[in-house]
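Commentary on secondary and tertiary structure
One letter stands for each residue in the lines below.
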Amino acid sequence: MNTNKKLVIFDLDGTLNDTSLYVIPATRRALAEMGVTGITDEEIMRNVGASWREACERYLPGQPQEVHRAYSDRYSQAERELCREQHGTFPGVPELLRQLKAEGYLLAICSNASLRYIKMVCGYLEFLPYFDDFAPLEPEMTEKAQSMKKLLDRLCPDWAVMAGDRHYDLEAARKNGIPFIGCGYGYQRPGELDGADFYAAAPFQVLQGVHLLEKHRP
């Protein structure tokens, strides 16, 4: 095994991508076309990071799959249009990625989103050259821990760490036995990142967390 093979896994939305710039108007547009109004910005942002199944159940509870698919189609179209026009990242993220690559880390994204979405967002943000692999939530999967396991099995790193802003990320890291950096600048709710091995209040602190956790690895 290559003992220099170190992997930093990132969540995407709320960790690298400032999703709020387009997800709120895209969700409102799609829901309005389905006759749903009155959803607050807070409710929309609460669903960032959730699987698509979870989000549909929250917005359209008890509706059949064909209704969820219709909403998905409407949302995807609005998302593509608005993401192209209104994308953005958090201050310090590009510098963070450049520094990690300069230090020889492998970088990957593990997200509850589709591969199409991950690559679309990273393309707009000009992040694609930084990443060595992507782990989307595949149709047969029900949680991020499964896609993370597949990623780890594929890359076989000597050491790995996960950085994310939601409990989905923390749970995936725990189930796969790797340390977790909680990104407190994202979309987490109060207490959601309790139990993180390192807490980053800003993107540049993620680098500090990577160095510290690697230094003290078993």
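Summary of the structure given here. None of these values were measured; they are calculated from a predicted model.

A count of helical and extended segments in the protein gives 9 helices and 6 strands. Expected size for 218 residues packed as a compact globule is a radius of gyration near 17 Å; at 17 Å, the protein falls within 12% of this value. Its C-alpha atoms give the protein principal-axis dimensions of about 55 × 30 × 30 Å. Going through the 218 residues of the protein one by one, you find that 53% of them count as buried. Relative to all contacts within the protein whose residues are 6 or more apart in sequence, the contacts with residues 24 or more apart total 65%. Summing over all exposed atoms, the protein offers an accessible surface of approximately 10,100 Å²; the carbon and sulfur share of this is 51%. Each charge class in the protein was averaged separately, 25 positive and 31 negative side chains, and the resulting centres sit 3 Å apart.

By volume, the largest pocket is sized at about 850 Å³. Forming the walls of the largest pocket are 36 residues, and the residues nearest its centre are Ser51, Trp52, Arg53, Asn112 and Ala113. The greatest single-element share of the lining of the largest pocket, amounting to 8 residues, is contributed by helix 4 (residues 65-86). Residue composition of the lining of the largest pocket, by class: 15 nonpolar, 12 polar and 9 charged.

Cut-off values and rules
Residues numbered from 1 in each chain as written. Predicted model: local features only at pLDDT ≥ 70, side-chain atom pairs only at ≥ 80, totals over all residues. Heavy atoms only, no water. Helix = DSSP H or I, 4+ residues; strand = E, 2+ residues; numbered from the N terminus. Rg over C-alpha atoms; globule rule 2.2 N^0.38 Å. Buried < 20%, exposed > 50% of the residue type's maximum accessible area, 1.4 Å probe, protein only. Contact = heavy atoms within 4.5 Å. Areas by Shrake-Rupley, 256 points an atom, 1.4 Å probe, with all protein chains shown as cover. Lys, Arg positive; Asp, Glu negative; His and termini not counted. Charge placed at Lys NZ, Arg CZ, Asp CG, Glu CD. 1 Å grid on protein atoms, 1.4 Å probe; cavity = no way out; pocket = protein on both sides within 12 Å on 5 of 7 lines; lining within 4 Å. Points joined across faces, edges and corners; volume = space filled by probe spheres on them. Nonpolar A, V, L, I, M, F, W, Y, C, P; charged D, E, K, R; others polar.

Honestly, that's just the spatial picture; any functional story needs more than this.
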